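One-letter residues, chain by chain:
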Amino acid sequence: MKIDRRSFLSFAIGGAAGTALSPLPWKLMDDISIWTQNWPWTPVPEDGETRYVNSACTLCPGGCGITVRKVEDRVVKIEGMQNHPVNKGGICTLGLTGAQLLYRPSRIKTPLKKVNGSWRKISWDDAIAEIVGKLKELRAKGLSHTLACISDSDRGSVAELLNRFLTAYGSPNYIRTPSIQDSYELAIYLTQGVRAMAGFDIDKADFVLSFGSALIEGWESPVYMFKARSALSDNGGRMEQIEARLSKTAAKSDNWIALNPGTEGCLAFGLAHVMINEKLYDREFVDNYSSGLVELQNQILEAFPPEKVSKITGVDSEQIITLAKKFANARRPLAICGRGKGNIPGSLQEFLAVHMLNALAGNINKPGGVWAVPEPDYINWPDVQIDSVAAKGLQQDRVDGAGSDKYPLARYLLNRLPALVNSGADSPVQVLFVANANPVYSMQDTQAVRKAFEKIPLVVSFSSFMDETAESADLILPNHVYLERYEDIPSARGFPRPIIGLARPAVEPLFNTRHIGDVIIQMGKAMGGTLASAFYWKDYQACLEETLGDKWDALAENGYWLDETFGAGEPGAAFETESAKFEFANKDIASMPRYHPLKPEGDESHYPLILIPYDSMRLTSSYIGSPPFMIKSVEDTILKGNDILVELNPATAGEFGLRAGTYAILSTPKGRARVKVRLSEGIMPGVLAMIRGLGHTAYDKFLADKGVNYNSLSAPVEDAASGYDASWGIRARLEKA
Amino acid sequence: MSADEKNNPVSSETAHPEPVATSAQIGTQTQGDTAAGPIILFFIFGLVASLVVGWVVFPKLLYSRKMQPVDFSHALHNELVDKGCESCHFFREDGSYSGVPKLAQCIECHEEVQGESPQEAKFVNEYVLKDREVPWLVYSEQPDCVFFSHVAHVKLAKMDCVTCHGNIGESENLKVYEQNRISGYSRDIWGKNIAGFKKNTWDRMKMDDCSECHVKMNVNQGSVQTKKGGCFVCHQ
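Note that the structure is a prediction, hence the values are computed from the model and not measured.

Rules used throughout
Residues numbered from 1 in each chain as written. Chains lettered and ligands numbered in written order. Predicted model: local features only at pLDDT ≥ 70, side-chain atom pairs only at ≥ 80, totals over all residues. Heavy atoms only, no water. Pairing = 2+ DSSP bridges. Helix = DSSP H or I, 4+ residues; strand = E, 2+ residues; numbered from the N terminus. Axes fitted to C-alpha atoms, helices over the stretch in contact; angles between N-to-C directions. Contact = heavy atoms within 4.5 Å. Salt bridge = Lys/Arg side-chain N within 4 Å of Asp/Glu carboxyl O. Buried < 20%, exposed > 50% of the residue type's maximum accessible area, 1.4 Å probe, protein only.

**Re the sheet that holds strand β2 (residues 65–71) of chain A**
Residue and element names in this part refer to chain A. Strand order in the open sheet formed by 3 strands is β1-β2-β3, with antiparallel pairing between adjacent strands. The outermost strands of the open sheet, each flanked by one partner alone, are β1 (50–56) and β3 (74–80). Strand-to-strand twist of the sheet, defined as the mean angle between neighbouring strand axes without regard to direction, takes the value 25°. One ladder, built from 7 bridges, connects β1 with β2; its direction is antiparallel. Looking across to β2, one finds that R51 is bridged to K70.

**Things to note about the interface of chain B and chain A**
At the interface, 31 residues of chain B touch 31 residues of chain A. Our enumeration of links across chain B and chain A arrives at 2 salt bridges. E49 of chain A is paired through a salt bridge with R92 of chain B; the nearest N and O atoms lie 3.9 Å apart. No other element matches helix α4 (residues 36–62) of chain B, which puts 15 residues into the side of chain B that touches chain A.

**Observations regarding the sheet that holds strand β19 (residues 499–503) of chain A**
Hydrogen bonding along the main chain pairs the strands of a sheet, whether they run parallel or antiparallel. Residue and element names in this part refer to chain A. Strand order in the open sheet formed by 3 strands is β18-β19-β20, with antiparallel pairing between adjacent strands. Whereas interior strands pair on both sides, the edge strands pair on one side only; in this sheet they are β18 (487–489) and β20 (560–562). Across the sheet, the axes of successive neighbouring strands diverge by a mean angle of 15°, strand direction being ignored. Bridge count between β19 and β20: 3 bridges; the pairing is antiparallel.

**Let's talk about the pattern of salt bridges**
Residue and element names in this part refer to chain A. Under the criterion given, the structure shown has 48 salt bridges over all chains. Between R139 and D387 there is a salt bridge, with its nearest N and O atoms 2.1 Å apart. Remark: D387 occurs in the loop between β14 (370–374) and α16 (388–395) and R139 occurs in helix α5 (residues 124–140); sequence separation between them is 248 residues. Of the residues examined, R139 reaches a relative accessible area of 14% and is grouped as buried.

**Comments concerning the pairing of strand β22 (residues 609–614) of chain A**
Residues and elements named next belong to chain A. A large share of β22 lies buried, amounting to 6 of its 6 residues. What you see with β22 is no split at all: L609, L611 and P613 on one side and I610, I612 and Y614 on the other are buried throughout. Alignment of β22 against strand β28 (residues 730–736), held across 3 bridges, turns out to be antiparallel. Bridge pairing in β28 places L609 opposite A732. By the bridge criterion, 5 bridges tie β22 to strand β27 (residues 687–691) in an arrangement that is parallel. The partner of I610 across the bridge, within β27, is V687.

In C-alpha cells:
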C-alpha cells in the first residue's frame, strides 16, 4: 500500500469529518468566546459583601457628607450622603472619583528622605527623630521663630494641633493657604466686628448678583452651591453674572454682564452709588442697624458716578442704573464675589464694596442673605505653657508680614513668603512643614516658589501623594488618605450655618502611612519639656474624642453635627463693632488705601494682551491633583492630547494672524508656554483665558505633563489694603509657534 | 483526426497488437485509478483518529485537575447545622448571597482543632491560625458578565438548591476541580459530558440551561427595562 497525496487527502477529509462529529470544534468555539469576553486585564468588580460607611469629604473645604460603598475591603464607589444638610445627597466630580485617590499609583507608601537628590525609605522613628533633632538645634540657638507651617486651614483639630506645636515651640509662623475666605473674613470683621466666616443663603434669595463667582463651577462649597443655584431658579429667582468671560456660570445665568476684567469692585461701588443716591437702600436696616452711610456716600459720591464707572468697567451707565434698581427692588437680593472658585483672596476693597451692597439691601444675617457664621468653638484644650524660648520666639514678627504695621489686618500672607525667602542671604524660614497644601503648584509664580523651597534648609511634607511640593521637600511623612482616617471637618465653606463633619476610615490604611495628628503628638512628646506636656494625649484618636466631647456621639451616628439654633436672633444682635451696628465706615476702613482697579503686571507695549484664568468642575484647582477620571472628563476644547487650549476672541486672533487649532507661544513676564488657540465669542477682544488645574509636573502619568499650569505664567500682586494676593490676570503676548 | 493518424491508418492497430493484453491492462488501470480500498481506509483512519482526539484526548487536554486546598465534608457539616444549606451559605440582610463561607464564619466553630481529621488540622493551622482566607476553587463560578440573583430563585421562586447544585450537600469529599485551560472556569459549567448532554438539571449550567427552565416555567423571559425578550435579562 502506497501512501501518496490521495491517501493523505483522504486521511485529512476523514479527520475533518471526525472532528466535525466530535465536540472539539464546538467546545473550543465556546471556550474561546468566553475567554475573549474575560480578558485577564479587564477590571472585574470584587465580589462580596457590600457595606456603606458614612463619612465626610476632606478634598475641598466644602464640607460634604459622603457615603462610601465597599465590597469587602475595597472601596468601589463614593456617593453623596442622603439628607446631609450641605450636599443633600449630591456629590461633585472630585468627590465621586475619590476612590482613585486611595488607589492612586502616586501615593507615598512609606516615609521618605531625600539623599543626594533621590528618595530613600526611612522608618517613622528615624524620620521623627531627624525632625526633632533639627528643631531642638534651632531652639537651642534661639531661632524657634524660623519654623513655619503651611496648611489649608486654621480650624479643626489637625490645624489646631499644628498651630499648638508651633506655639509651644515658639513660632508665630502658622500660615493658612490663601483663598477668598481671607477677604470675606476681613470684610465681615471690619464692618461687623466679628471673626466669622461668610455663609450664603442662596436658595432662599430671589436675586443673586455674582461678581465673577463661579457659582456652578466650584465656588465655596461646590455641591451646596449647585443645589442652591437650582433651588433659586425653581423658586422663580434670578441670577445675573458679572464676568469678563462667558463662563458656564455666566452661560447658565439669566443675564450675563460682560465687563473689563478686574473692574468688578468698581462696578460694585457704582451700584452702591446709585442705591445711595436714589435712596434705594433698605431704610429699616440702614436706619436701625447701621452707621457710617454718610461717610460712605461722601467717599463714593465723586469717585464712582455711573458715567465714570461705565468708562472703567465698559458697562453702559444705563445698565448700571437698571442693575442697581433691579438689585434694590428684589425682595431678598444677594451679592457675592470672589472670582472663579475663589482661590485668590482678591482686593479687600472690592469685597467690602460687595458686602456693603448686601448691607444696603438690608440682607445681612437674614434668610436669603449673607450670614456671619461664627468660627467653631469646640476646641477647648488647656492653654499651652510657654517657656522662655517660646516666649521670645512668639514675640518675633511673622515672617510673612501679616499683622505688621504695613498690613495690620491680614492674618496670613503666604503670597509674600517666596519673595521674602528669596531676597535675603539666609532664609528666614529654616524648617517648613507643609500639610494639606501644594504651594509649589498652586501658588502663583511657581518659579519663585520653587526657588524659595530650595532655599529652605528643611522642608517636611505631610502629603499622601508625590505632588510638586513633596517632590521639592527633604522629608515626606505621608498622611493617611481621607478614606483611611478620622478627622473633624470644622465647617462647610459658604454654607450659612455652623456645621461639623466627621471623616472616618472606610478602610484600614493600605500603606505604611501615619495620621498627621499622631505624628504631631509624637513629635511633641519627643521634643520634651513644655511641648511634651502640651501634647498629653495618647494618640490622635484620644485627642479627637476628648475634643468633640458630647458631640462625638451625634457625629459618630450621623456623620455631622448641625447647629439647629443658629440664626434665631435679631440681625442687629450679631454686630460687635464699637457702635454695635453694621459700619459702612469706621477708622479702620478709613485708614485703608482707596479702591483702584488693579492693573495686571507687565508692560503693555510688549505684552498687548491680558491673560486671565478660569476654573472648571472637571479639574481640581486645590492641593489635590485631579484623579484620572476627572482628567478623562475634560473637553477637547480645553485639553487635546497633552496640549492646552487658550480661549481667544476671533477678532484678536485675526489681529495676531492666529487660526483655531494652531500652536502659539504664550509669554508673560513670568514664563512662556506652548499652547493651542481656541476661538470663542465668549471672551472679549484683547483677553486670553486659560484653565487652572492642568500642567502638573508631579503625580503620575495620568496627570503629569498635561497642559500648562496657569500659576507658572502668573504672579501675585499685593492688595494695598490687606496685603493679600489680589491679582486677577497678567499681561501676555501670543505669537505663532 | 490528426494529420499523423491520417497518414498512418494502421498505427492504432500496432499500438494494441494483443487484445488479451489490452484487457489485462484495463484491469490494472482500473485498480490504479480508483484504489477505493486504501483510500477509504485512510478516510477511516482519519475519521477514527479525529473522533478519538475529539472525544477522548481533547477533554483530557482541555481540563487541568486541581485539588481543593483543604478537603471538606458537606455531609458531616449538614448533620450539625439546623438550617440546611443556608446555615453557611446564607443571604445577607440586603438580600445578596454570601456564596462560599469566609474564614470568619468557620472560626465560629473551628477556632481550635475539633476532631481528629488531618484535613481539619490543616485547615486550622494553615488558615485559621494564620488568618488567611482559604482559596476555595468554586465549581459554580460564572463569568462576571453573568448576572444571577440567588434570592430571586431561592426565596421568590422557592427553588431548591439541588435543582442547580445537585446533591453536593451530601458529599463527603470535595471532588477534583477540573479547570478549563482556555476559559479558566470549572468543568461543571459545561458539564461532565463533553458533548453537552445532561441527565439532571444540575449537570450543566450554561446559558441554554437557564433559558430552558425560564421558557418551561414561562418566567422572566424579557428584560425588566425594555419588556422585550433578550440578552439583558441576565447579561446586565
